[in-house]
Amino acid sequence: MLKQFLLLQSFSFILFNVVIVGGRLIGGGFSAEQNPFTPKASLVRYWNKEIRSESPRSEFLISKASPLNAVDSATFSKLAATNSLPTRFPDFCSAANLFCFPDLGTSLEKHEEDVKFSTYDQKNFTNYGSGRPGGGDSFKNYSKDGNVETDSFRRYSRNGAGHDDKFSVYGESSNVVEEGFNSYGTFGTGGAGEFTNYQNNVNNPTSTFTAYSDGANGRTQSFKTYTQNANAGPGQSFTSYGKNGNGLPNEFASYGASSNVVGSGFSNYGENGNAANDTFTSYGTDGNVPQNNFKNYGAAGNSADDTFSNYRDKANVGDDSFSSYAKDSSNEKVKFVNYGQSFNPGSEKFTGYGKGAEGSKISFKTYTPNSTFKDYAKNGVAFSKYNVSSANTVGDGKTVNKWIEPGKFFRESSLKEGTVIPMPDIKDKMPKRSFLPRSIITKLPFSVSKLGEIKRIFHAAGENSTMGGLITDAVTECERPPSVGETKRCVGSAEDMIDFATSVLGRSVVLRTTENVAGSKQKVVIGKVKGINGGKVTKAVSCHQSLYPYLLYYCHSVPKVRVYEADILEIDSKKKINHGIAICHMDTSSWGATHGAFLALGSKPGRIEVCHWIFENDMNWAIAD
C-alpha cells in the first residue's frame, strides 16, 4: 500500500512539474506557498500550456482566479454536479468570493426609545418600532459608501402613533443597494417618514415599498433628493403605498433628479384613499431616460389632490405609463404643469385615465407631443398648450452632450503627446468578485431557458428580486445576437477567456489593462503614446464586466481597430500618474445613430472613428508585437 502511495505521489509531482524544497512544493509556475491543486495553480498551468512562452504571463488575470482551496473546490464541484449548491449557498458565496445578497430572516427585535443609527449598515429592522407611540428614529449616514447593501424594514412603525422616522444620507455613494420597506408604517396615526438624500450617487439602486403606510391616518411621507445622480438601477417600487389611507400628504421633490436610466413603479398607490395629497416636484428632472409606471394610482380614491410640477423637466427622452390612474375616483384633482418638457421627446401612455370618475378635474398645461390616450375620461379634463414641444433637435450632439461623460469617447487625434483631454471616471463600480473554476462553472446553467434554475441556485427566485433582475439582464445580454462583424462570448472562468481570445487572435497574445484610476474625472495630459502592432489597423478582443454573482466578462472582437497604450500625466506637474490602454474603432458604419459616441462627438455612423479607454478591471487582448 505504501509503495502504491509513493508511486501516486511521484506521478503527481511529474504531472504538475513540482519538486520538494525545504519540505514545500514548488514549480509549475506558481509560488512555494501555493497548493498545486488549487484553481489558481490550475489557471497558471493552463496559461503556460495555451499561451506561447514569449508572451508575458498576465498576473492581472491570474489575480482574478477563484480563491477556493483544493478541498472546497472539489466539494462545491460535486454539489454543483448534483444540483445541491443551494443547500450550501452562504458557504459557497463566501468561500468563492461571489456577489450575493444575504438571506434576511425574520427579526422580532423592537425598541421603546428614540434611536439614532449613524454610519450603520446591513441590518434587519423587522417589526422594529411597531406599536410604539410617539418618538422618532434617525438613520443618518446609514450604509454610506458601502458596496453591497441589503436592509429590511418589514412592519417598521406598524400601528405606531405620532412616530417620526428620518432617513438622511441613507445608502449614499454605495454600489448595488437593495432596501425593503414592506408594511412600513401601516395603520399608523400621525407621524412622518422623511427620506432625504436617500440612495444618492448609487449604482443600481433598488427600494421596494409594499403596503407602505397602508391604512394609515394623517401620516406624512417626504422623499427629497431621492436616488439623485443614481445610475441604471431597477429603481423603486411603490406597491399599495398609502392604500386605504386617510389624509396622507406625500411629497416627491427632486426624486430621481439627474439620474441615469432609473425607473419607478407605482402600483395601487393611494387606492381607496381619502383626501390624499401628493406632490411630484422636479421628479426625474435632468434625468437620462427615466421610466415611471403608474398603475391604479389613486383608483377609487376620494377628494385627492395630485400635482405633477416640472416632472421629467429637461430630461433626455423618458417614458411614463399611466394605467387606470384615478379610475372610479370621486372629486379628485390632478394637475400636470410643465410635465415632460424633455429636450429629447419621450413618450407617455394614458390608459383608462380618470375613467368612471365623478366630479374630478384633470388639467394638462404645457404638455408633450408623444402621448397616447386610450379609453380616457371624456369630462373634467382640460388641455392647455398641449402638444407644444420645447425639445431641442439633435444636430451636432451638443444639446445632449451633458449625458455623455466628458472624455468617455474621443477622436484618435487626441492620442498625441502633449494633448490635454478630460479623463472619464474609469473606476470599477462593480462589486468585487472572482472567477469560478472551470470544474464548477461547467456544471452551472447559463441560458435564458434556465433562468429559473439559475435564480434558485443563487437564492434569487423571490418575487421582485433585485438579484433575479440582474441575473436576467446579464444572461439576456449574453445571448443577444452579435452585431455586424462582432464575435462575442460571455465567460465566467479565466480559462474560458483564454480560449476565446486565442480562438480569435491565435496563441501569441498579450493582455493589457489600464494601470490604475488616477486622473479620473479631471483633465490630464497625454504623455508618450505607442501604437500596438505598429499602430496598424488590427484585430483585438475587449472584455468588459457584467453584473452577475460570479465574475462574468462580456468579451467581443470587432474588426478594424487600432489599440494604443499611453502615459497619462498630471496637468500641472506633468508627472506620470497612469498608463492607459485605449482602443479606436475605425469602422462605425454599423453603429446606431443614437450611440453615445455620436451624441458626444457630433457625427453619424461611418463618418468618424471613435476611441475610448479600457476602464479599471476591463481587459484588452491583442496579437503580440
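Residues numbered from 1 in each chain as written. Predicted model: local features only at pLDDT ≥ 70, side-chain atom pairs only at ≥ 80, totals over all residues. Heavy atoms only, no water.

In the annotation of an unreviewed UniProt entry, the entry for the chain reads Polygalacturonase 1 beta-like protein 3 isoform X1, and the organism field reads Camelina sativa.

Once that is clear, we can look at the overall build of the chain. Assigned secondary structure in the chain consists of 10 helices and 32 strands. For the chain, buried positions account for 52% of its 625 residues. Considering only residue pairs separated by 6 or more positions, the chain has 75% of its internal contacts joining residues 24 or more positions apart. (Helix = DSSP H or I, 4+ residues; strand = E, 2+ residues; numbered from the N terminus. Buried < 20%, exposed > 50% of the residue type's maximum accessible area, 1.4 Å probe, protein only. Contact = heavy atoms within 4.5 Å.)

On to the state of the cysteines. Under the criterion given, the structure shown has four disulfides. A sulfur-sulfur separation of 2.0 Å characterises the disulfide bridge that pairs Cys-478 with Cys-490. Between Cys-478 and Cys-490 the disulfide shows an S-S torsion of about -95°. By sign, it is left-handed. Of this pair, Cys-478 sits in helix H8 (residues 466–478) while Cys-490 sits in strand E24 (residues 487–491), and the two are 12 residues apart along the sequence. Given a relative accessible area of 12%, Cys-478 falls into the buried group. Sequence-ordered numbering of the bonded cysteines in the chain gives a pairing of 1-2, 3-4, 5-6, 7-8. (Disulfide = S-S within 2.5 Å.)

For any pair of aromatic rings, geometry is given as the distance between the ring centres together with the angle between the planes. Inspection of every chain in the model, using the stated rule, returns 11 aromatic pairs. On the numbers, 6.2 Å between centres and 55° between planes, the contact of Phe-458 with Tyr-550 is tilted. With a gap of 92 residues between them, Phe-458 in the loop between helix H7 (451–457) and H8 and Tyr-550 in the loop between strand E27 (540–546) and strand E28 (552–557) connect regions that are remote in the sequence. An aromatic cluster of at least three residues, connected via ring pairs, comprises Phe-89, Phe-446, Phe-458, Tyr-548 and Tyr-550. (Phe/Tyr/Trp six-rings, centres within 6.5 Å; stacked < 30°, edge-to-face > 60°.)

Right, let's get into helix H4 (residues 70–81). Compared with an ideal rise of 1.5 Å per residue, which puts 12 residues at 16 Å, H4 spans 17 Å between its outermost C-alpha atoms and is within 8% of the ideal. Looking at H4, one finds that the buried residues are Ser-73, Phe-76, Ser-77, Leu-79 and Ala-80. Projected down its long axis, H4 carries its buried residues within an arc of 160°, all on one side. What points out from H4, more than 90 degrees from its buried face, is the exposed set Val-71 and Lys-78. Tucked inside the fold, the buried residues of H4 contact helix H2 (39–50), helix H5 (89–95) and helix H6 (438–441). The N-terminus of H4 is capped by Asn-69, whose side-chain oxygen sits 3.1 Å from the backbone nitrogen of Val-71. (Expected span 1.5 Å × (residues − 1). Arc of directions from axis to C-beta. Polar contact = N/O pair within 3.5 Å; in protein donor to acceptor, adjacent residues only side chain to side chain.)

Time to look at the pairing of strand E30 (residues 576–585). When you tally the buried positions in E30, you get eight out of 10 residues, the bulk of the element. Bridge analysis of strand E29 (residues 561–570) against E30 gives nine bridges, and the strand direction is antiparallel. Bridge pairing links Arg-562 to Cys-584 in E30. The loop that links E29 with its antiparallel partner E30 comprises five residues; one of these, Lys-574, has a positive phi angle of about 60°. Sheet analysis places E30 next to strand E31 (residues 610–613), joined by four bridges and oriented antiparallel. Bridging from a neighbouring strand, Cys-584 pairs with Cys-611 of E31. (Pairing = 2+ DSSP bridges.)

Running from N to C, H2 and helix H9 (residues 494–505) point in directions that differ by 10°, and their axes come no closer than 10 Å. Comparing the axis directions of H2 and H9 gives the class roughly parallel. In terms of crossing hand, the pair formed by H2 and H9 is right-handed. Note on element contacts: H9 touches H2 through Ala-494, Glu-495, Ile-498, Asp-499 and Thr-502, opposite Ser-42, Leu-43, Tyr-46, Trp-47 and Glu-50. Its residues assigned to classes, the contact of H2 with H9 comprises five nonpolar, two polar and three charged. (Axes fitted to C-alpha atoms, helices over the stretch in contact; angles between N-to-C directions. Parallel < 35°, antiparallel > 145°, perpendicular 65-115°, else oblique. Left-handed = near helix turned anticlockwise from the far one by under 90°. Nonpolar A, V, L, I, M, F, W, Y, C, P; charged D, E, K, R; others polar.)

Okay, the sheet that holds E31 next. Pairing is antiparallel in the open sheet, where five strands are placed in the order E23-E26-E29-E30-E31. Strands at the two margins of the open sheet, each flanked by one partner only, are strand E23 (420–423) and E31. Direction aside, the axes of adjacent strands within the sheet are offset by 45° on average.

Attention shifts here to the side chain of Glu-495. On the secondary structure map, Glu-495 appears in helix H9. Apart from the residues within four sequence positions on either side, Glu-495 is in contact with Ser-42, Leu-43, Tyr-46 and Arg-438.

What follows concerns the pattern of salt bridges. Enumeration over the complete set of coordinates arrives at 15 salt bridges. Here Arg-411 ties to Glu-609 by a salt bridge, and the two come within 2.9 Å at their closest N and O atoms. Of this pair, Arg-411 sits in the loop between strand E22 (381–384) and E23 while Glu-609 sits in the loop between helix H10 (596–601) and E31, and the two are 198 residues apart along the sequence. When the shortest N-O distance is used, the salt bridge between Asp-567 and Lys-576 registers 3.4 Å. Under the relative-accessibility criterion, Lys-576 is labelled partly exposed at 44%. One salt-bridge network, held together by shared partners, links Arg-438, Arg-489, Asp-496 and Asp-499. (Salt bridge = Lys/Arg side-chain N within 4 Å of Asp/Glu carboxyl O.)

Attention now goes to the sheet that holds strand E32 (residues 619–623). Pairing is antiparallel across the open sheet formed by five strands, whose spatial order is E24-E28-E27-E32-E25. Single-partner strands in this sheet number two, and they are E24 and strand E25 (509–512). Averaged over all pairs of adjacent strands, the angle between strand axes in this sheet comes to 20°, irrespective of strand direction. Pairing analysis gives four bridges linking E27 to E32, with the strands arranged antiparallel. For Ala-540, the partnering residue across the bridge sits in E32 and is Ala-622.

As for its placement among the helices and strands, His-579 is situated in strand E30. Within the local environment of His-579, its side chain forms a polar contact with the side chain of Asp-567, the two groups lying 2.8 Å apart. Beyond its immediate chain neighbours, meaning those up to four positions away, His-579 contacts Thr-513, Thr-514, Glu-515, Glu-565, Ala-566 and Asp-567.

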